[in-house]
Amino acid sequence: MNNKILIIEDDKAIVRLMEIALKTNGYESVVANSGIEGISLFLNSSPNLVLLDMGLPDIDGSDVLEQIRAMSNTPVIIVSARDREQEKVNALDNGANDYITKPFNVGELLARIRVAFRLVKPVVKEDYFSLDYLNVDFIRRRVTIDGEEVHLTPIEYKLLKLLIDNKGKVLTHSFINKEIWGYDTEDDYQSLRVFMATLRRKIEKNTSNPRFILTEVGIGYRMNDE
């Protein structure tokens, strides 16, 4: 594995932790201790993924994210001490692929990196999706649970397909609303929550511990991909 990861972080202890974890797992890393240096290194080192802190000493991490997104679709995972839900939502809406709050578990960070790398592969629209007891035939628009067909409303089907097309990726409430209805909502996403609840009742065997549609509290939803 020769994937290069750019770390944009000013905390030396965290940088060292990340460097050791990445090297141990076969990744190459380059480090920037400020936002300006991070943008420069991004341009000059062509990393395959970026780990970005939001609280940098010179410019805000959101500005770095904006600059990166203006140039590239390279995966960006935010690793930040900022744990307010709105901060996470804003970062994801502005192009971050994922968001991890400090202090973080190294194993979780590595898992998120693996997911991000899987998602950068060329997107191939699937004709068929299968995971455990859920099967979806996109050609026939047929959804089955343990081989028994389940009737979904048009909205429920669109939600399921959107989640599957982006499996493993966190989709914000705002993103889902715009994709499904074409505009954002003013009802605090209550309609989306209602539709998601009915979809879960139809495809999940245990809605209190869902197998497929996972909730990212205060942010949105993610389709399990494993």
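Worth saying up front: this structure is predicted, and the values here are computed from it rather than measured.

Visitor: Would you take a moment to explain the overall build of the protein for this structure?
Guide: On a plain count of helices and strands, the protein comes out with eight helices and 12 strands. Taken over the C-alpha trace, the protein has a radius of gyration of 19 Å; the compact-globule value for 226 residues is 17 Å, and the two agree within 12%. Once the C-alpha set of the protein is aligned to its principal axes, its extents read approximately 55 × 40 × 30 Å. The buried share of the protein, taken over its 226 residues, is 47%.

Visitor: Would you mind going over the sheet that holds strand E12 (residues 220-223) with me for this structure?
Guide: Pairing between sheet strands relies on hydrogen bonds along the backbone, with the strands arranged either parallel or antiparallel. Within the open sheet, the three strands sit side by side as E10-E12-E11. Their pairing is antiparallel. At either end of the open sheet lies a strand with only one pairing partner, and these are strand E10 (171-172) and strand E11 (213-216). Judged from the four bridges that link them, E11 and E12 form a sheet pairing that is antiparallel. In the sheet register, Glu216 faces E12, and the bridge partner there is Gly220. In this fold helix H8 (residues 190-203) packs onto E11 and E12, with an angle of close to 145° to the strand it touches most, E11.

Visitor: Honestly, the pairing of strand E6 (residues 128-131) in this entry has me stumped. Any pointers?
Guide: Regular strands place their side chains on alternate faces of the sheet. Alternating residues of E6 divide into Phe129 and Leu131, all buried, and Tyr128 and Ser130, none buried. The pairing of E6 with strand E7 (residues 134-137) spans four bridges and is antiparallel. Looking across to E7, one finds that Leu131 is bridged to Leu134. Two successive antiparallel strands, E6 and E7, enclose a turn made up of two residues, where Asp132 displays a positive phi of approximately 50°.

Visitor: Where do I start with the packing of helix H7 (residues 173-181) against H8 in this structure?
Guide: If you want to describe how two helices pack, look at the angle between their axes and the distance between the axes. Between H7 and H8, the least distance of the axes is 10 Å, while the angle of their chain directions is 80°. Between H7 and H8, the angle is such that the two are roughly perpendicular. Judged by residue contacts, His173, Ile176, Asn177 and Trp181 of H7 engage Leu192, Arg193 and Phe195 from H8.

Visitor: Please clarify how the nonpolar core should be interpreted in this entry.
Guide: Burial of nonpolar side chains together is a common tendency in soluble globular proteins. Core analysis: the largest hydrophobic core is formed by 28 residues, its most contacted members being Leu134, Val136, Leu160, Ile213 and Met223. Among the elements that take part in this core, helix H6 (residues 154-165) stands out by supplying seven residues, more than any other. Residues in contact with Leu134, not counting those within four places in the same chain, are Phe129, Val143, Thr144, Ile145, Ile203, Phe212 and Met223.

Visitor: What's the story with the environment of Lys205 in this structure? I'm lost.
Guide: Inspection of the secondary structure assignment puts Lys205 in the loop between H8 and E11. Overall, Lys205 belongs to the exposed group, its relative accessible area being 55%. With 72 residues separating them in the primary sequence, Lys205 and Tyr133 have C-alpha atoms 9.5 Å apart. Among the polar contacts listed, one links the side chain of Lys205 to the side chain of Asp146, at a separation of 2.8 Å.

Visitor: For this particular structure, what's the right way to read H7?
Guide: Note on helix geometry: an α-helix contains 3.6 residues per turn, so any two residues three or four positions apart are oriented the same way. Along H7, the residues classified as buried are His173, Ser174, Ile176, Asn177 and Ile180. Looking down the long axis of H7, one finds its buried residues gathered within 165° of arc, a one-sided arrangement. Lining the buried residues of H7 we find helix H4 (85-93), H6, E10, H8 and E12. Where H7 ends, the next residue or the one after it, Gly182, has phi of about 90°, a positive value.

Visitor: For this particular structure, what's the right way to read the sheet that holds strand E1 (residues 4-8)?
Guide: Judged by pairing direction, the sheet is parallel, and its five strands sit side by side in the order E2-E1-E3-E4-E5 without closing on themselves. The sheet is open, and its two borders are formed by strand E2 (28-32) and strand E5 (98-101), each paired with just one other strand. On average, each strand axis in the sheet is inclined to that of its neighbour by 20°, with strand direction left out of account. Taken together, the four bridges between E1 and strand E3 (residues 49-52) define a ladder with parallel strand orientation. Bridging from a neighbouring strand, Leu6 pairs with Val50 of E3.

Cut-offs applied
- The residue count restarts for each chain, going from 1 along the sequence in the order it is written.
- pLDDT decides what is reported in this predicted model: residues at 70 or higher carry local features, side-chain atom pairs at 80 or more are listed and counted, and totals for whole chains, interfaces and linings draw on all residues regardless.
- Where side-chain values are given, they derive from all heavy atoms of the structure, hydrogens and water being excluded.
- Helix and strand definitions follow DSSP, with helices as H or I runs of at least four residues and strands as E runs of at least two, each counted in order from the N terminus.
- Only C-alpha atoms enter the radius of gyration; for comparison, a globular chain is expected to reach 2.2 Å times N to the power 0.38, where N is the number of residues.
- Partly exposed describes any residue whose relative accessible area lies between the buried limit of under 20% and the exposed limit of over 50%, with all areas from a 1.4 Å probe on protein chains only and scaled to the type maximum.
- For two strands to be treated as a pair, DSSP must find no fewer than two bridges joining them.
- Throughout, a residue-residue contact means that at least one pair of heavy atoms, one from each residue, lies within 4.5 Å.
- Axis definition: a line fit to C-alpha positions, over the contact stretch in the case of helices; interaxial angles, taken between N-to-C directions, run 0 to 180 degrees.
- Each angle gets one of four labels, with under 35 degrees taken as roughly parallel, over 145 as roughly antiparallel, 65 to 115 as roughly perpendicular, and the rest as oblique.
- Put simply, a nonpolar core is a bunch of buried Ala, Val, Leu, Ile, Met, Phe, Trp, Tyr and Cys residues held in one set by side-chain atoms that sit within 4.5 Å of each other.
- We define a polar contact as two N or O atoms separated by no more than 3.5 Å, with the added condition that, inside protein, one atom must be a possible hydrogen donor and the other a possible acceptor, whereas residues neighbouring each other in sequence contribute only through side-chain atom pairs.
- When we speak of the arc, we mean the arc of directions from the helix axis to the C-beta atoms.

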